[in-house]
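Overview (structure and organization)
Residue-level listing of the chains:
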Amino acid sequence: GDSVTQMEGPVTLSEEAFLTINCTYTATGYPSLFWYVQYPGEGLQLLLKATKADDKGSNKGFEATYRKETTSFHLEKGSVQVSDSAVYFCALSDQAQKLVFGQGTRLTINP
Amino acid sequence: NAGVTQTPKFRVLKTGQSMTLLCAQDMNHEYMYWYRQDPGMGLRLIHYSVGEGTTAKGEVPDGYNVSRLKKQNFLLGLESAAPSQTSVYFCASSALAGGLHEQFFGPGTRLTVL
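Residues numbered from 1 in each chain as written. Chains lettered and ligands numbered in written order. Predicted model: local features only at pLDDT ≥ 70, side-chain atom pairs only at ≥ 80, totals over all residues. Heavy atoms only, no water.

1. Quick notes on the side chain of Thr105(A)
Residue and element names in this part refer to chain A. Position of Thr105 among the secondary structure elements: in strand E12 (residues 105-110). Classification of Thr105 by relative accessible area gives buried; the value is 0%. In this view, Thr105 contacts Gln6, Met7, Gly9, Val11, Ile21, Ala86, Val87 and Tyr88; residues no more than four positions away in its chain are not counted. (Helix = DSSP H or I, 4+ residues; strand = E, 2+ residues; numbered from the N terminus. Buried < 20%, exposed > 50% of the residue type's maximum accessible area, 1.4 Å probe, protein only. Contact = heavy atoms within 4.5 Å.)

As structure tokens, then:
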């Protein structure tokens, strides 16, 4: 079945550092790809999305590009802030329109 | 516009007790979902519904039942709770819109089974 693999966490960075969280997927067909963010004590919120190959999703300074050739959707941000501390989930929408999530990556940003 | 709401927010049960979690959405969404979140395992789909009166099994349905009698509500039931069902439960909903099923999540219910 379809699956999503994220880099192991936790990830700890200093403020203003560059962030990359790796995400690769296995799927039949052409899934849509998502990054969700979960702040402490809250539910998940959609951060960005991409629906086809070479699409770039972006929001709040975060970016991710749908790479069909490498089956990847890596999350990047050029300069992280303390407020970016959260758990980040990569996900794909399968052929039955259900979301398949990666295991999540906990990010902590120190001032 | 409240989005997706869940009740209760917290609950402690003893093994063998039953309970129902309620999810409500006010966005007129067709699809609704129940997930559980466990450390290091991401979110796993328990059951879902593609419209009023319909339900379907997800990845981990055993020990749970669901009902979707009204479009805006999706109930998750535990008939005989077990410690393995200790988890955080999230409800989500999405619209039937062009195949891009962005899901909107509720704040979660933290359930402990002793």
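2. Some details on the pattern of salt bridges
This structure, assessed with the given rule, holds seven salt bridges over all chains. For Glu102(B), the salt bridge goes to Lys49(A), with nearest N and O atoms at 3.1 Å. On the criterion of chain membership, the pair formed by Glu102(B) in the loop between strand E9 (87-94) and strand E10 (104-105) and Lys49(A) in strand E6 (residues 44-50) is interchain, its members lying in two chains. Since its relative accessible area comes to 32%, Lys49(A) is described here as partly exposed. (Salt bridge = Lys/Arg side-chain N within 4 Å of Asp/Glu carboxyl O.)

3. Brief notes about the nonpolar core
One finds Trp35(A), Leu47(A), Leu48(A), Phe73(A), Leu75(A) and Tyr88(A) to be the most contacted residues of the largest nonpolar core, which totals 26 residues. Secondary-structure elements contributing two or more residues to this core are strand E2 (11-14), strand E3 (19-21), strand E4 (23-26), strand E5 (32-38), E6, strand E8 (62-65), strand E10 (86-93) and E12 of chain A. Among the elements that take part in this core, E10(A) stands out by supplying four residues, more than any other. Here Leu75(A) is in contact with Leu19(A), Thr20(A), Ile21(A), Trp35(A), Leu47(A), Leu48(A), Phe62(A), Glu63(A), Ala64(A) and Tyr88(A), once residues within four sequence places are set aside. The next biggest cluster of nonpolar side chains, apart from the first, holds 19 residues, and it includes Leu13(B), Leu21(B), Cys23(B) and Cys91(B). (Core = buried A, V, L, I, M, F, W, Y, C linked by side-chain atoms within 4.5 Å.)

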